[in-house]
Amino acid sequence: MDEKKTPENQPAYMEPKKNRTPVFIIVTFLLLAAVVFFYYQNQQLEDEKERQFQEILLTQSRLDSIGDELDLRIQTIKELGGEVDTLESIKAQLEADKKQLLVDAQYQRGRITKLNNRVAGYKELLVLKDEEIEQLKVLNEQLSEENTTLKVEKDQLNQAVQELEENKKELASKVAYASRLQIEGMQVNAINDNGKERDGGEYRNRHIEQLKIQFTVVENEIAPIEGKDLLLRVIAPDGNVLFDVTKGSGSFTFENREMFYTAKQEILYDRNNQLVTFLYIKGSDYAIGQHKVEVYTDDYLMGKGSFMVK
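A.B. asks: Provide a residue-level description of the overall build of the protein chain, including the pertinent values.
C.D. replies: Counting secondary structure elements, the protein chain contains three helices and 11 strands. Ordered by position from N to C terminus, the α and β elements of the protein chain give α-α-α-β-β-β-β-β-β-β-β-β-β-β. Looking at the protein chain alone, contacts between residues at least 24 apart form 66% of all its contacts between residues at least 6 apart. Here the protein chain has roughly 22,000 Å² of accessible surface; of this, 51% comes from carbon and sulfur atoms.

A.B. asks: Got a sec to walk through the packing of aromatic side chains? Specific residues and values, please.
C.D. replies: Following the criterion strictly, the structure yields six aromatic pairs and no others. For the ring pair Phe 243 and Phe 260, a centre distance of 5.2 Å and an interplane angle of 75 degrees mean the geometry is edge-to-face. With a gap of 17 residues between them, Phe 243 in the loop between strand S5 (226-235) and strand S6 (250-254) and Phe 260 in strand S7 (residues 257-261) connect regions that are remote in the sequence. For Phe 243, a relative accessible area of 39% gives the class partly exposed. Note on Phe 252 and Tyr 261: the rings are 6.3 Å apart at their centroids and 45 degrees apart in plane angle, and the pair reads as tilted. For the residue pair Phe 252 and Tyr 261, the accessibility class agrees, reading buried in each case. It is Lys 282 that lies over the ring of Tyr 286; its NZ or CZ is 5.4 Å from the centre.

A.B. asks: Before we move on, can you summarise the nonpolar core with the specific residues and values?
C.D. replies: One finds Phe 215, Val 217, Leu 230 and Phe 307 to be the most contacted residues of the largest nonpolar core, which totals 29 residues. For this core, the elements supplying multiple residues, two or more each, are strand S1 (183-191), strand S4 (210-217), S5, strand S8 (263-269), strand S9 (274-280), strand S10 (289-297) and strand S11 (300-309). Setting aside chain neighbours within four positions, we find Phe 307 in contact with Val 188, Gly 201, Tyr 203, Leu 211, Val 234, Tyr 286, Gly 289, Gln 290, His 291 and Val 293. The next biggest cluster of nonpolar side chains, apart from the first, holds 16 residues, and it includes Leu 63, Val 84, Leu 87 and Leu 101.

A.B. asks: Hey, could you go over the pairing of S6 for me, with residue numbers and the actual values?
C.D. replies: A one-sided burial pattern is seen for S6, the buried positions being Gly 250, Phe 252 and Phe 254 and the unburied ones Ser 251 and Thr 253. Examined bridge by bridge, S6 and S7 share five bridges and lie antiparallel to one another. Across the sheet, the residue bridging to Gly 250 is Tyr 261, located in S7. Between the antiparallel neighbours S6 and S7 lie two residues, among them Glu 255 with a positive phi of about 50 degrees.

A.B. asks: I'd like a description of the side chain of Arg 233, backed by residues and values.
C.D. replies: Mapped onto the elements of the fold, Arg 233 is located in strand S5. With a relative accessible area of 9%, Arg 233 lands in the buried category. Here Phe 260 takes part through its backbone oxygen, which lies 2.6 Å from a polar atom of the side chain of Arg 233. Beyond its immediate sequence surroundings of up to four residues, Arg 233 is in contact with Val 241, Phe 252, Met 259, Phe 260, Tyr 261, Thr 262, Lys 292, Val 293, Glu 294 and Tyr 296.

A.B. asks: How would you sum up the side chain of Ser 179? Please name residues and give values.
C.D. replies: If you trace the backbone, Ser 179 turns up in the loop between helix H3 (109-178) and S1. The class for Ser 179 is buried, based on a relative accessible area of 16%. Within the local environment of Ser 179, its side chain forms a polar contact with the backbone oxygen of Ala 176, the two atoms lying 2.8 Å apart. Setting aside anything within four residues of it in sequence, one finds Ser 179 in contact with Asn 220, Ile 222, Ala 223, Pro 224 and Tyr 300.

A.B. asks: I'd love a proper account of the sheet that holds S10, names of residues and values included.
C.D. replies: As summarised here, the arrangement of the five strands in space is S3-S11-S10-S5-S8, forming an open sheet in which the pairing is mixed. In this open sheet, the two edge strands, each paired with only one partner strand, are strand S3 (202-203) and S8. Judged from the seven bridges that link them, S5 and S8 form a sheet pairing that is antiparallel. The residue of S8 that forms the bridge with Gly 227 is Leu 268.

A.B. asks: Lay out the sheet that holds strand S2 (residues 197-198) in plain terms, naming residues and giving numbers.
C.D. replies: Taken in spatial order, the four strands of this open sheet run S2-S1-S4-S9, and their pairing is antiparallel. The open sheet has two free edges, formed respectively by S2 and S9, since each of these has just one partner strand.

A.B. asks: Account for the pattern of salt bridges, naming residues and giving values.
C.D. replies: Per the stated rule, a full pass over the model turns up 12 salt bridges. Between Lys 212 and Glu 197 there is a salt bridge; the shortest N-O distance is 3.5 Å. Within this pair, whereas Lys 212 is found in strand S4, its partner Glu 197 is found in strand S2, the two being separated by 15 residues in sequence. Judged by its relative accessible area of 37%, Glu 197 is partly exposed.

A.B. asks: Break down unusual backbone geometry for me, citing the residues and quoting the values.
C.D. replies: The backbone of Arg 271 sits at a positive phi, close to 75 degrees, despite the residue not being glycine. Tracing the backbone shows Arg 271 in the loop between S8 and S9.

A.B. asks: Can you tell me about a nonpolar patch on the surface, naming the residues and giving the values?
C.D. replies: A grouping of Leu 171, Val 175 and Ile 222 is seen on the molecular surface, where their side chains present a nonpolar patch of about 260 Å² in accessible area. Residue placement: Ile 222 occurs in the loop between S4 and S5. Ile 222 gets classed as partly exposed once you look at its relative accessible area, which sits at 46%.

Cut-offs used in this document
Residues numbered from 1 in each chain as written. Predicted model: local features only at pLDDT ≥ 70, side-chain atom pairs only at ≥ 80, totals over all residues. Heavy atoms only, no water. Helix = DSSP H or I, 4+ residues; strand = E, 2+ residues; numbered from the N terminus. Contact = heavy atoms within 4.5 Å. Areas by Shrake-Rupley, 256 points an atom, 1.4 Å probe, with all protein chains shown as cover. Phe/Tyr/Trp six-rings, centres within 6.5 Å; stacked < 30°, edge-to-face > 60°. Buried < 20%, exposed > 50% of the residue type's maximum accessible area, 1.4 Å probe, protein only. Lys NZ or Arg CZ within 6 Å of the ring centre and 35° of its normal. Core = buried A, V, L, I, M, F, W, Y, C linked by side-chain atoms within 4.5 Å. Pairing = 2+ DSSP bridges. Polar contact = N/O pair within 3.5 Å; in protein donor to acceptor, adjacent residues only side chain to side chain. Salt bridge = Lys/Arg side-chain N within 4 Å of Asp/Glu carboxyl O. Patch = residues over 30% accessible without salt bridge, like charges linked within 9 Å, V, L, I, M, F, W, Y side chains within 5 Å.

Structure representation (structure tokens):
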């Protein structure tokens, strides 16, 4: 029986080919799963970044709002006279936080939470400051009412003082006026060169060598006891004052204007009736017509009279 021979170098047994399709599917699945996982994880990171960015914007907005509120409180408390050092320090810290928030775009969530907690603290502080502002307003209203009352009282006191001063001035004016000296019974007589004296108030020039002007200073219990200068004015018909410096004439001020006097005599007034006599020598003829005679002291008129030259 013949045995079958195989060709030379041909193996006696051949292994079947392996099927790699399941392995490829598994590897592909794993790669796909990895891609999906990484995509999901990246999407989560992007969402987290976006959420954090929105939180940053929200926090920034809240910080801006708190800053505006702080500015308003600081201004209000300043106007009411309160202390604002603490608020200004907090405002400075808030501005620093805002700058830090803008610089760090990847602000950590914990930091944001901390800032949000701080914002809550700021809000609580604002509530406390609102209470302080209300208290300051009440205090300022009370002070305003007190100031108003004090101002009214001060105005009333000033008015009373002013009225008192006016009354004092009025009384002083009345006393000063009442203490003025007056004269009465003025007589103007003519004395000729023989020493003969004529009265009656009408004279010719040849009868007038001297004028004798006599009057009584009336008793006044209010007037002070003191020396008085009596100023005599003899006024000619043309309005000019008889004036001669060599005979003691001079000038004085009356109602803010300068006036001339004919003669002056000093007396010691003792509040009693006092007879005063002036003797005046003109040395020349008098103008024809009526002459006026006035007596002054302390810048006021004591009395007057007249005489006629024919």
